[in-house]
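A look at the structure
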Amino acid sequence: MNAVERVVVGHLYPSYLNIYADRGNIAVLAARAAWRAVELDVVTIGPGDPTPLEVDLFYVGGGQDREQALIAPDLSARGPAIADAVAGGAAALAVCGGYQLLGRFYRGRDGEEMAGAGVLPLYTVAGERRMIGDVLLESELEPGVLRTVAGFENHAGRTILDDGAEPLGRVVSGFGNDGESGLEGCRLGRALGTYLHGPLLPRNPWLADWLLTQALSHRTGEVPVLEPLADELEAEAHEVSSARARSRGGRY
Ligand code: GLN
């Protein structure tokens, strides 16, 4: 891979949606890209800004209902542009509040409905009890390759996927989308939505590399082969987080 390779990340609303240091996901992507001589250009997209056409990977973090309500109209208005980009092979990672708002709508704790971007095939309604704790998933993003994803969830929203929609993974321990379906997150092409914070990518380096691979494929039209990294600390973080989730004692 030569030194001029780059990918463009469109970071949506970083000053509104960044709960549990979700911004750390970008730091991980930038470091893992740089270690492979890939430049990660991060373009901030705030309310009123245009949606840049050259984005390879959209990123949106989590936030509470209040922050979500502040940006929901703007995000909903740019929904078709993001949906077109994803249909054209752009990648995305949306976490918690951002995940909810990439769906059709989110009805918050006060009953008010926020229109979503309509990018992911789902909707979300807040329930009484918050779903909090460590989570472990089994995920099969590539057919026949089963991997685990570890993280932390804290949400009141119950997310319901449309019939036939693909989840990010199956819950091994934790609540997941709604505490009932055994499903967590959503995958549409190269776009992923999830409730997992932590932030997510430091303890799931394979997922960071999967996203980088998707973003590079979008840019170059070819599937890159990323050089493997040592990842000892990352593996340890994954182990600690998985063990904490497992000690919750099975599903839900
Ligand atoms: N407000 C949303 C909920 O509670 C999202 C919270 C979050 O991003 N942690 O469901």
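Here, every reference points to the structure presented above.
Report on the accompanying structure. (Residues numbered from 1 in each chain as written. Predicted model: local features only at pLDDT ≥ 70, side-chain atom pairs only at ≥ 80, totals over all residues. Heavy atoms only, no water.)

So, the overall build of the chain
Across its full length, the chain holds six helices and twelve strands. By the compact-globule yardstick of 18 Å for 252 residues, the chain fits well, its C-alpha radius of gyration being 17 Å. Counting only C-alpha atoms, the chain reaches 50 × 45 × 30 Å along its principal axes. Classification of the 252 residues of the chain by burial places 55% in the buried group. Taking contacts inside the chain between residues at least 6 apart in sequence as the whole, the part at least 24 apart equals 72%. (Helix = DSSP H or I, 4+ residues; strand = E, 2+ residues; numbered from the N terminus. Rg over C-alpha atoms; globule rule 2.2 N^0.38 Å. Buried < 20%, exposed > 50% of the residue type's maximum accessible area, 1.4 Å probe, protein only. Contact = heavy atoms within 4.5 Å.)

What to know about the sheet that holds strand β3 (residues 57–60)
Whenever strands of a sheet pair, they do so through backbone hydrogen bonds, lying parallel or antiparallel. Taken together, six strands build an open sheet; the order of strands is β2-β1-β3-β4-β12-β11 and the sheet is mixed. Strand pairing shows two members of the sheet lacking a second neighbour, β2 (39–45) and β11 (186–188), which therefore form its edges. The sheet shows a mean angle of 15 degrees between the axes of neighbouring strands, direction not considered. The sheet strands contacting helix α1 (residues 24–34) are β1 (6–12), β2, β3 and β4 (91–95), and the helix crosses β2 at an angle near 155 degrees. (Pairing = 2+ DSSP bridges. Axes fitted to C-alpha atoms, helices over the stretch in contact; angles between N-to-C directions.)

A word on the site of the ligand
In the neighbourhood of the ligand, 15 residues make up the surrounding shell, with Asp-65, Gln-68, Cys-96, Gln-100 and Gly-157 lying closest. Between Gly-97 and the ligand, the recorded distance is 3.1 Å, taken from a backbone N or O atom to an oxygen atom. Within the backbone of Asn-154, a nitrogen or oxygen atom sits 3.1 Å from a nitrogen atom of the ligand. Out of a free accessible area of 300 Å², the ligand has 100% covered by protein chains. Counting residues per element, the ones that place at least two in the shell around the ligand are α2 (65–77), α4 (97–102) and β8 (145–161). (Near = heavy atom within 4 Å. Polar contact = N/O pair within 3.5 Å; in protein donor to acceptor, adjacent residues only side chain to side chain. Areas by Shrake-Rupley, 256 points an atom, 1.4 Å probe, with all protein chains shown as cover.)

Structural notes on the pattern of salt bridges
Within this structure, the stated rule accounts for 15 salt bridges. Taking the shortest distance from any N to any O, the salt bridge between Arg-6 and Glu-54 comes out at 3.1 Å. Highlighted residues: Arg-6 in strand β1 and Glu-54 in the loop between β2 and β3, separated in sequence by 48 residues. Residue Arg-6 is classed as partly exposed on the basis of its relative accessible area, which comes to 25%. Residue Asp-162 is joined to Arg-104 by a salt bridge in which the shortest nitrogen-to-oxygen separation is 2.9 Å. Here Asp-162 is found in the loop between β8 and β9 (169–173), whereas its partner Arg-104 is found in the loop between α4 and β5 (105–107), with 58 residues between them in sequence. Of the residues examined, Asp-162 reaches a relative accessible area of 26% and is grouped as partly exposed. Here Arg-104 falls in the partly exposed class, since its relative accessible area comes to 40%. Ionic contacts of the salt-bridge type, sharing partners, join the residues Arg-6, Asp-41, Glu-54, Asp-56 and Arg-219 into one network. (Salt bridge = Lys/Arg side-chain N within 4 Å of Asp/Glu carboxyl O.)

Overview of the state of the cysteines
Under the counting rule described, the total for this entry stands at zero disulfides. Left without a disulfide partner, Cys-186 is nearest to the cysteine sulfur of Cys-96, which lies 15 Å away. (Disulfide = S-S within 2.5 Å.)

Focus on unusual backbone geometry
Cis geometry is adopted by the peptide bond preceding Pro-199, which originates at Gly-198 and carries an omega value of 0 degrees. Turning to its location among the elements, Pro-199 is positioned in the loop between β12 (191–194) and α5 (205–220). A positive phi angle is found at Ala-37, which is not glycine, with a value near 60 degrees. Within the secondary structure, Ala-37 sits in the loop between α1 and β2.

Don't take any of this as a statement about function, it's just geometry.
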